[in-house]
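The primary structure of each chain is shown beneath.
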Amino acid sequence: MATKMKTEQGSPLPLNQIVPGDCVDVMNSLPAGSVDLIFADPPYNLQLKGELHRPDNSRVDAVDDHWDQFSSFAAYDRFTHNWLAAAKRLLKPNGAIWVIGSYHNVFRLGTALQDQGYWLLNDVVWRKSNPMPNFRGKRLTNAHETLIWASRDENAKYTFNYEALKELNDGVQMRSDWVLPICTGHERLKDEHGDKAHPTQKPESLLHRVILATTNPGDVVLDPFFGTGTTGAVAKMLGRDFIGIEREESYRKAAQARIDRVRKFDASALEITGSKRAEPRVPFGQVVERGMLRPGEELFSIGNRFKAKVRADGTLIGNDVKGSIHQVGAALEGAPSCNGWTYWHYKRDGKMVPIDLLRQQIRAEMEADERRPN
């Protein structure tokens, strides 16, 4: 269902709508500083010369559409400059942009981004696990595309959900090379003739990673080259608002039908793992002040190798080593650092309990107080 939101300037944003028209004209008509993230999959400017055939002489459904044809590199550069300028005007001060391209255009995109004053954060190699082969056998199989992630400017405090991406990657820090399949099977949209609805439809897995990593629920994601609506479909699922711009009517129809079928995840499913740094800080001294642990009570290391005694000021003493829960743990282990919250345990009813449970209890009470109406 289409919705509109009033911006600070008082103009409405066409949220969750596909807007027809030229992307530059439409973006320039929208209020400045109103979008959190832009994902752009611009024309590749492939410069194809004639048809492409497989070894059995069957024709390859390659990208030869009129929207991918430019008279020269200079014409393509002017087009790129114009839409990037319009995009930058739309972004909020802490907004960011993703652009994706192949070797035909991504280097020109990177130069244009820097020329416009965007601040490059990462380039990501999307390595296709099932790429289309090189049928002529005269070049390497083109098995990847490149994404560029950039903030609006150097000082932007852009969104990056580091912990969520780490969890998505089985607890390991997410790298800048992503192995994901191209869009095939049930995900590939077809027209009434059974042909591809769009030659370069991106897989939802790619947009899931981008949107999860660099937006929060309720953010506005704009796609100026909307195509068949992968950005809108994933944004809707993840509880983000989207704005799509697409001049081709056939693509708009396919995208709208697709998005209408999408169900938004429920609120609990949209919650993601946050940064530990975002949680309220709890000094160990608060645990002592509140009587959750008493001065003189003993704490035990993992495996019972060491023990230390709680002091009234929230420090520990063990084996003549005095200091914070972190300092004493590190000194006893001979390590450069130690997370005392997970290292130290106390005994209750004969069981070892990590002191971090006490910290979590205090945090839960603090969050409850914040939610309580004044």
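Residues numbered from 1 in each chain as written. Predicted model: local features only at pLDDT ≥ 70, side-chain atom pairs only at ≥ 80, totals over all residues. Heavy atoms only, no water.

The name given to the protein in an unreviewed UniProt entry is Methyltransferase, with the source organism recorded as Tabrizicola oligotrophica. Under Sequence similarities (unreviewed entry), UniProt gives the following word-for-word description of the protein: "Belongs to the N(4)/N(6)-methyltransferase family." (UniProt positions renumbered as here; feature names shortened; annotations may be inferred.)

A. Structural detail: the overall build of the protein. Looking only at helices and strands, one finds twelve helices and 16 strands in the protein. Split into buried and exposed, the 374 residues of the protein put 45% on the buried side. Excluding contacts between residues fewer than 6 apart, the proportion of contacts in the protein whose partners are at least 24 apart in sequence is 66%. With an accessible surface of roughly 20,200 Å², the protein has 48% of that area assigned to carbon and sulfur atoms. (Helix = DSSP H or I, 4+ residues; strand = E, 2+ residues; numbered from the N terminus. Buried < 20%, exposed > 50% of the residue type's maximum accessible area, 1.4 Å probe, protein only. Contact = heavy atoms within 4.5 Å. Areas by Shrake-Rupley, 256 points an atom, 1.4 Å probe, with all protein chains shown as cover.)

B. Just the nonpolar core, in detail. If you look at the biggest cluster of nonpolar residues, it comprises 33 residues, and the most contacted ones within it are Met 27, Ile 38, Trp 83, Ile 97, Val 99, Tyr 118 and Leu 222. Going through the elements one at a time, helix H1 (23-29), strand S4 (35-40), helix H2 (73-90), strand S5 (91-101), helix H3 (106-115), strand S7 (144-151), strand S9 (220-223) and strand S10 (241-246) are the ones with two or more residues in this core. No other element matches the seven residues that H2 contributes to this core. Setting aside its immediate chain neighbours within four residues, Ile 38 contacts Ala 87, Leu 91, Ala 96, Ile 97, Trp 98, Leu 222 and Pro 224. (Core = buried A, V, L, I, M, F, W, Y, C linked by side-chain atoms within 4.5 Å.)

C. Broad picture of the packing of helix H6 (residues 230-237) against helix H7 (residues 249-260). Running from amino to carboxyl end, H6 crosses H7 at an angle of 15 degrees, the nearest separation of the two axes being 9 Å. The angle between H6 and H7 falls in the class roughly parallel. Crossing handedness for the pair H6 and H7: right-handed. Along its contact with H6, which presents Thr 230, Gly 232, Ala 233 and Lys 236, the element H7 presents Arg 258, Ile 259 and Asp 260. Tallied by class, the residues present in the contact of H6 with H7 amount to two nonpolar, two polar and three charged. (Axes fitted to C-alpha atoms, helices over the stretch in contact; angles between N-to-C directions. Parallel < 35°, antiparallel > 145°, perpendicular 65-115°, else oblique. Left-handed = near helix turned anticlockwise from the far one by under 90°. Nonpolar A, V, L, I, M, F, W, Y, C, P; charged D, E, K, R; others polar.)

D. Quick peek at the sheet that holds strand S3 (residues 17-20). In space, the eight strands of this open sheet follow the order S3-S10-S9-S4-S5-S7-S6-S8, with mixed pairing throughout. Of all strands in the sheet, those with a lone pairing partner are S3 and strand S8 (177-180), marking the two edges. The sheet shows a mean angle of 20 degrees between the axes of neighbouring strands, direction not considered. Inspection of the sheet shows S4 paired to S5 by five bridges, in the parallel sense. Considered in S5, the bridge of Ala 40 is made with Val 99. Those strands touched by H2 are S4, S5 and S9, and its axis lies near 145 degrees from that of S5. (Pairing = 2+ DSSP bridges.)

E. The pattern of salt bridges, seen in detail. Within the structure shown, the criterion is met by 14 salt bridges. Put simply, Lys 128 and Glu 145 hold a salt bridge, and the shortest N to O gap is 2.8 Å. Placement of the pair is Lys 128 in strand S6 (residues 119-128) and Glu 145 in strand S7, with a sequence separation of 17 residues. Assigned by exposure class, Lys 128 and Glu 145 land together as buried. With a shortest N-O distance of 2.3 Å, Arg 290 and Glu 365 are connected by a salt bridge. Taken together, the residues span a long stretch of sequence, with Arg 290 in the loop between helix H9 (284-289) and strand S11 (298-300) and Glu 365 in helix H12 (residues 356-371) at a distance of 75 residues. Arg 290 gets classed as partly exposed once you look at its relative accessible area, which sits at 42%. (Salt bridge = Lys/Arg side-chain N within 4 Å of Asp/Glu carboxyl O.)

F. Structural context of the environment of Phe 39. Mapped onto the secondary structure, Phe 39 falls in strand S4. Expressed as a C-alpha distance, the spacing of Phe 39 and Ile 148, which sit 109 residues apart in the sequence, is 10.0 Å.

G. Inspection of the side chain of Ser 301 at higher detail. You can see Ser 301 is positioned in the loop between S11 and strand S12 (307-310). For Ser 301, a relative accessible area of 0% corresponds to the buried category. Only 3.2 Å separates the side chain of Ser 301 from the backbone nitrogen of Arg 305, close enough to count as a polar contact. Within polar-contact distance, the side chain of Ser 301 engages the backbone nitrogen of Phe 306 at 2.8 Å. Among all residues touching Ser 301, those that are not within four sequence positions of it are Phe 306, Tyr 343, Trp 344 and Met 352. (Polar contact = N/O pair within 3.5 Å; in protein donor to acceptor, adjacent residues only side chain to side chain.)

H. Geometry of the pairing of S8. The side-chain alternation of S8 yields one buried face, formed by Trp 178 and Leu 180, and one unburied face, formed by Asp 177 and Val 179. Bridge count for S6 against S8 is four bridges, and the pairing is parallel. Each bridged residue has a counterpart across the sheet, and for Trp 126 the counterpart in S8 is Trp 178.

I. Structural detail: the side chain of Thr 315. Of note, Thr 315 is situated in the loop between S12 and strand S13 (316-318). The exposure class of Thr 315 is buried, given its relative accessible area of 18%. A polar contact is formed between the side chain of Thr 315 and the side chain of Asp 313, at a distance of 2.6 Å. Non-local contacts of Thr 315, meaning those with residues more than four positions away in its chain, are made with Lys 309, Val 310 and Gly 323.

J. Expanded view of helix H5 (residues 204-214). Counting buried positions over the eleven residues of H5 gives eight, a clear majority of the element. Along H5, the residues classified as buried are Leu 206, Leu 207, Arg 209, Val 210, Ile 211, Leu 212, Ala 213 and Thr 214.

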